Amino acid sequence: MNTKKQDMIIEVNDLVKTYLLGKERVRALRGVDFTINRGEIVIIVGSSGSGKSTLLNMLAGLEKPTKGNIEILGHNIAKMSENKLTKFRQKHIGFIFQSYNLLPTMTALQNVSLPLVFKGVAVKQREREAAKLLSAVGLKTHMFHKPTQMSGGQQQRVGIARAFAGSPEIVFADEPTGNLDSKTSLKVMDLIAQLARKKRQTLIMVTHDRALIPYGDQVIDILDGKIQTITKKAEGGSCEIDKEDDTTGNSNSVDDINSCQCSDQCHRDTVRS
Ligand SMILES: Nc1ncnc2c1ncn2[C@@H]1O[C@H](COP(=O)(O)OP(=O)(O)OP(=O)(O)O)[C@@H](O)[C@H]1O
Ligand SMILES: [Mg+2]
């Protein structure tokens, strides 16, 4: 069997999302195609309003596309009923939000335990797993703190631990460092990447922060609802670029090399200050 096909975890075909605002049509996504392999870190970048969150929300099954297919782990989630989708998300998907979305009346431990409650994990076991994850994100001493008793960076680390609870195959993150300063951002991003790599979980993250691009195995750059470039980090650190409108067929043009993120990726470890 083809190992490439076996490794593929997400396939998106001709994805279109049009919102109706009164009589006006907002074409948030205008025909998007790509594939993602198991264990990849995928960074989706683009300017404000380019369609990043729309794309992520559809991949995570939070919104339905107007047209097109999204196949995740062999299931076409665009056609799934809401009931099945909820169960699918609980089983396979974690989500990190920009504004943390922690439950204010719960402690860090209770917040991280929550996805395990939905998975039917017994109390003792879920407390054990939540405590382990909180230790992994450096919050061993803050397990019984409530969100208001923690800094932004600490709250986001709780949000990260929660997203990884139950080891979902895919973790989505929409601007997870958007509310943090640049130094904390890189630390938090380090943590997310480390957790994802540890169990070969797939991470799909939206950001407008180009400093985070070096973390991506695949970088999808979108503009006005269309993919501009897909940059893939090949084995050994070299770089492959797919350009949507490349009619020259010359993948080694100076423009391509100049826009290639590979040189940054090769210095992944020096990014951290
Ligand atoms: N529910 C909605 N109804 C109507 N239009 C919407 C809706 N959600 C998004 N849009 C529009 O779709 C386009 C893409 O929005 P989206 O939120 O995906 O952008 P984004 O790339 O995530 O931007 P940002 O970086 O500012 O978060 C924008 O023009 C936005 O106004
Ligand atoms: Mg957005």
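Residues numbered from 1 in each chain as written. Chains lettered and ligands numbered in written order. Predicted model: local features only at pLDDT ≥ 70, side-chain atom pairs only at ≥ 80, totals over all residues.

### A look at the overall build of the chain
Of the regular secondary structure elements, the chain holds 9 helices and 11 strands. Relative to its 273 residues, the chain shows a buried fraction of 40%. A separation of at least 24 residues holds for 69% of the contacts in the chain among residues at least 6 apart in sequence. (Helix = DSSP H or I, 4+ residues; strand = E, 2+ residues; numbered from the N terminus. Buried ≥ 20, exposed ≤ 12 C-beta atoms within 10 Å, placed from the backbone. Contact = placed C-beta atoms within 7 Å.)

### Things to note about unusual backbone geometry
Of note in this structure, aspartate 14 is not a glycine but carries a positive phi near 45°. Inspection of the secondary structure assignment puts aspartate 14 in strand 1 (residues 8-21). We note that aspartate 224 has phi near 50°; this positive angle belongs to a residue other than glycine. Mapped onto the elements of the fold, aspartate 224 is located in the loop between strand 9 (218-223) and strand 10 (226-233). For aspartate 224, a count of 14 C-beta atoms within 10 Å puts it in the partly exposed group.

### Focus: the sheet that holds strand 4 (residues 67-72)
Taken together, 4 strands build an open sheet; the order of strands is 2-1-4-5 and the sheet is antiparallel. The strands lining the two open edges of the sheet, one partner per strand, are strand 2 (24-37) and strand 5 (75-76). One ladder, built from 5 bridges, connects strand 1 with strand 4; its direction is antiparallel. Each residue of the ladder has a partner; that of glutamate 11, found in strand 4, is glutamate 71. (Pairing = 2+ DSSP bridges.)

### A closer look at the site of ligand 1
Every one of the 13 residues lining ligand 1 counts as a neighbour, but Tyr19, Ala28, Ser48, Ser53 and Thr54 are closest to it. When residues of the shell around ligand 1 are traced back to their parent elements, those giving at least two are strand 1, strand 2 and helix 2 (52-59). Looking at side-chain class alone, the shell around ligand 1 contains 4 nonpolar, 8 polar and 1 charged residues. (Near = placed C-beta within 6 Å. Nonpolar A, V, L, I, M, F, W, Y, C, P; charged D, E, K, R; others polar.)

### Observations regarding the environment of isoleucine 72
Its place among the elements puts isoleucine 72 in strand 4. With 23 C-beta atoms packed within 10 Å, isoleucine 72 lands in the buried category. As for isoleucine 72 and histidine 92, which are separated by 20 residues in sequence, their C-alpha atoms are 9.6 Å apart. Leaving out residues up to four positions away in the same chain, isoleucine 72 has contacts with Ile9, Ile10 and Ile77.

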